[in-house]
Number of protein chains: 2
Amino acid sequence: MTVTQQARTPRRRAPRNTLNPDRILDAAVVLLDRDGAEAFTMRALAAQLGVGTMAVYSHFRSKEEISDAVAQRLLSEVELPAMGEAESTADAREQLREVCRSVFRLFADHPSALQLLTTRPMRGDEAIAVIDRMLGLLRAAGLDRVDAARAHVALMQYTVGSALWNVRRDRALCEDGLRDRVRARLADLPADRYPALTELVPELAIAQDAGMAQYELGLDGLLTGLIGPGPRSAR
Amino acid sequence: MTVTQQARTPRRRAPRNTLNPDRILDAAVVLLDRDGAEAFTMRALAAQLGVGTMAVYSHFRSKEEISDAVAQRLLSEVELPAMGEAESTADAREQLREVCRSVFRLFADHPSALQLLTTRPMRGDEAIAVIDRMLGLLRAAGLDRVDAARAHVALMQYTVGSALWNVRRDRALCEDGLRDRVRARLADLPADRYPALTELVPELAIAQDAGMAQYELGLDGLLTGLIGPGPRSAR
DNA sequence: ACCTGAACACCGTTCAAGT
DNA sequence: ACCTGAACACCGTTCAAGT
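Values in this document were obtained by computation on a predicted structure and should not be read as measured data.

Participant: Please clarify how the UniProt feature "domain: HTH tetR-type" (unreviewed entry) in chain A should be interpreted in this entry.
Facilitator: Sequence positions flagged by UniProt for "domain: HTH tetR-type" (unreviewed entry) are, in local numbering, residues 18-78 of chain A. In residues 18-78 of chain A, helix accounts for 61% and strand for 0%; the two terminal C-alpha atoms are 29 Å from one another.

Right under this line is the structure:
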């Protein structure tokens with residue numbers, strides 16, 4: 001777990017105003033996407049920016065405040081589909097799919113964002129726009145107020161869960177030979193004790209690796225259950 | 001974030017064999033459930049056990065190894081419903097609901113377990129039994145091999161996401177006055193920009209707080225979408 | 001105002017030493 | 001074999017000091 005010390009070329013004093021909140025957040029996102037959440041350190045962030053560790057504290061009060069700001073910025077990048085009013089349930093359903101896919105994609109593109117967004121509650125105005133859009137579409141799909149609110153929460157829960165599952169799996173695959181060890185263990189399972197599992201090992205592996213395709217399968221299922229079958233429900 | 005130092009009453013040397021893996025895991029679960037994942041520290045664990053910090057290392061190679069063992073133990077506590085063969089799709093659906101609810105309940109009872117289980121992949125034999133049971137039920141419900149595997153992944157993703165959502169909300173509620181601040185912000189939203197959201201603020205609050213009931217709503221939706229409507233689909 | 005290094009209270013873990 | 005304290009390389013953050 002311990003990392004070898006960087007060669008500490010003695011840095012000259014940074015000129016004034018090299019730093020500002022935006023530059024800091026840019027660097028934070030780079031660091032998170034490239035090296036992961038556990039490498040997101042005040043010291044690493046400052047090094048990335050070419051300043052002393054404490055310089056960052058002139059612009060943010062704490063690491064937590066930076067994390068919140070990063071989450072906020074990433075949420076603002078969720079693309080809401082350009083739209084006219086949804087004119088039918090089918091329209092609404094399709095646009096709903098699009099918004100959910102955007103949120104899922106955000107997590108796929110910025111895996112470390114997930115940790116920020118799941119650890120801390122979604123504050124911030126950016127999340128608001130996404131939520132409003134989803135609720136409007138659920139209403140347009142014909143749900144009453146109570147059902148729309150419930151459906152929205154269910155969709156977000158499923159989306160977060162799917163994203164988390166994928167991120168976890170991607171990270172696990174980086175570990176040395178874990179994939180092979182898991183495969184070996186699954187191949188060794190006693191078929192009489194675990195008949196269903198042993199029969200479905202290859203299908204499970206495929207489903208685990210299917211990423212967005214797997215997400216959409218569950219999403220379609222959930223939408224069907226919540227707002228009724230879509231126009232092409234014969235799959 | 002810094003914690004005031006404990007009064008360090010000088011501890012007398014612990015007799016040999018006071019420690020064993022089981023006692024260590026018991027203490028770890030207590031610590032996690034009571035004080036949360038961020039308070040789960042090798043030093044705190046040792047203190048809880050009344051031994052020096054390094055004593056634990058005679059039984060586990062690292063903190064990571066302890067975390068894995070805790071996750072394993074908690075998964076072994078998931079109650080699988082006693083069952084005969086599922087004799088109809090309706091039977092299978094009902095038993096499936098029961099298994100999913102057990103997994104969800106595990107997370108509700110041991111919120112910090114979620115972090116362990118979502119950070120590291122589910123290794124260990126205990127998870128295997130749960131997975132096998134779910135797959136068997138999905139097959140009994142009439143799904144083919146590919147669809148059963150996909151449905152299982154979707155159900156687990158939704159379950160993990162819902163549990164995470166609830167844990168996050170519970171933790172957020174502990175923060176000082178956060179609830180009121182969020183409520184105030186939602187009340188202040190411009191109704192012309194966010195028409196759907198402003199209209200549904202109370203319904204959303206209810207759905208967020210509904211816990212297991214909200215989980216079941218999405219679960220029913222998902223099951224309906226994945227394996228078809230249940231016997232009492234007229235809700 | 002903004003950037004700096006030293007210092008403090010934490011953390012997981014290595015190591016040599018006690019029993 | 002099992003438990004111990006000192007020590008090391010980290011971490012976030014406080015503080016007084018530079019410019």
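Participant: Which parts of the structure should I look at to understand the UniProt feature "DNA-binding region" (unreviewed entry) in chain A?
Facilitator: Under the local residue numbering, the UniProt record ascribes the feature "DNA-binding region" (unreviewed entry) to residues 41-60 of chain A. As annotated, residues 41-60 of chain A comprises 40% helix and 0% strand, and the C-alpha atoms at either end are separated by 14 Å.

Participant: Please explain the domain arrangement of chain A as it appears in this structure.
Facilitator: Quoted interface sizes are often the accessible area lost when the parts come together. All names here are of chain A. In terms of domains, chain A is made up of domain 1 (3-60) and domain 2 (76-234). With 4 residues of domain 1 at the interface, the matching set in domain 2 holds 6 residues. Both sides of the domain 1 and domain 2 interface together cover about 400 Å² of buried area, and 58% of this is carbon and sulfur. By the criterion of area lost to domain 2, the three top residues of domain 1 are Leu32, Asp33 and Ala37, representing 82% of everything that side buries. Between the two partners, domain 1 and domain 2, sit 0 salt bridges.

Participant: Would you mind showing me how to read the side chain of Asn166(B) here?
Facilitator: Looking at the element boundaries, Asn166(B) is found in helix 7 (residues 145-174). Owing to a relative accessible area of 10%, Asn166(B) belongs among the buried residues under this scheme. Not counting the four nearest positions on each side in its chain, Asn166(B) is found in contact with Gln157(A), Phe104(B), Gln208(B) and Gly211(B).

Participant: Whenever I open this one, the interface of chain A and chain B confuses me. Can you help?
Facilitator: Taken together, the contact between chain A and chain B spans 62 residues of the former and 62 residues of the latter. Surface buried jointly by chain A and chain B totals about 5,400 Å² across both partners, of which 64% is contributed by carbon and sulfur atoms. On the chain A side of the interface with chain B, the three residues burying the most area are Gln157(A), Trp165(A) and Arg168(A), jointly 12% of the side's total. In this structure, the connection of chain A to chain B is made through 6 salt bridges. One salt bridge in this structure joins Glu199(A) and Arg139(B), with 3.5 Å as the shortest N-O distance. Our count for the chain A to chain B interface comes out at 12 residue pairs in polar contact (both at pLDDT 80 or more). Within the residue set of the side of chain A that touches chain B, elements represented by two or more residues are helix 5 (111-119), helix 6 (125-140), helix 7 (145-174), helix 8 (178-187), helix 9 (195-209) and helix 10 (212-227) of chain A. Of the residues forming the side of chain A that touches chain B, the biggest block, 21 residues, is contributed by helix 7 of chain A. Split by residue class, the side of chain A that touches chain B holds 31 nonpolar, 15 polar and 16 charged.

Participant: Is there a simple way to think about the pattern of salt bridges in this case?
Facilitator: When their charged atoms lie close together, side chains carrying opposite charge are able to pair. With the rule as written, the count across this model stands at 32 salt bridges over all chains. The closest approach of N and O atoms between Arg34(A) and Asp35(A), which form a salt bridge, is 3.0 Å. The salt bridge partner of Arg97(B) is Glu216(B), with a shortest N-O separation of 2.8 Å. In this pair, Arg97(B) is assigned in helix 4 (residues 89-109) and Glu216(B) in helix 11 (residues 212-227), connecting sequence segments 119 residues apart. Given a relative accessible area of 10%, Arg97(B) falls into the buried group. Exposure remark for Glu216(B): the relative accessible area of 16% places this residue in the buried category. Linked by salt bridges that have partners in common, Arg93(A), Glu94(A), Arg97(A), Glu98(A), Arg101(A), Glu216(A) and Asp220(A) make up one network.

About the criteria used
Residues numbered from 1 in each chain as written. Chains lettered and ligands numbered in written order. Predicted model: local features only at pLDDT ≥ 70, side-chain atom pairs only at ≥ 80, totals over all residues. Heavy atoms only, no water. UniProt positions renumbered as here; feature names shortened; annotations may be inferred. Helix = DSSP H or I, 4+ residues; strand = E, 2+ residues; numbered from the N terminus. Domains from an automatic or database assignment. Contact = heavy atoms within 4.5 Å. Buried area = accessible area lost by both parts, 1.4 Å probe. Salt bridge = Lys/Arg side-chain N within 4 Å of Asp/Glu carboxyl O. Buried < 20%, exposed > 50% of the residue type's maximum accessible area, 1.4 Å probe, protein only. Polar contact = N/O pair within 3.5 Å; in protein donor to acceptor, adjacent residues only side chain to side chain. Nonpolar A, V, L, I, M, F, W, Y, C, P; charged D, E, K, R; others polar.

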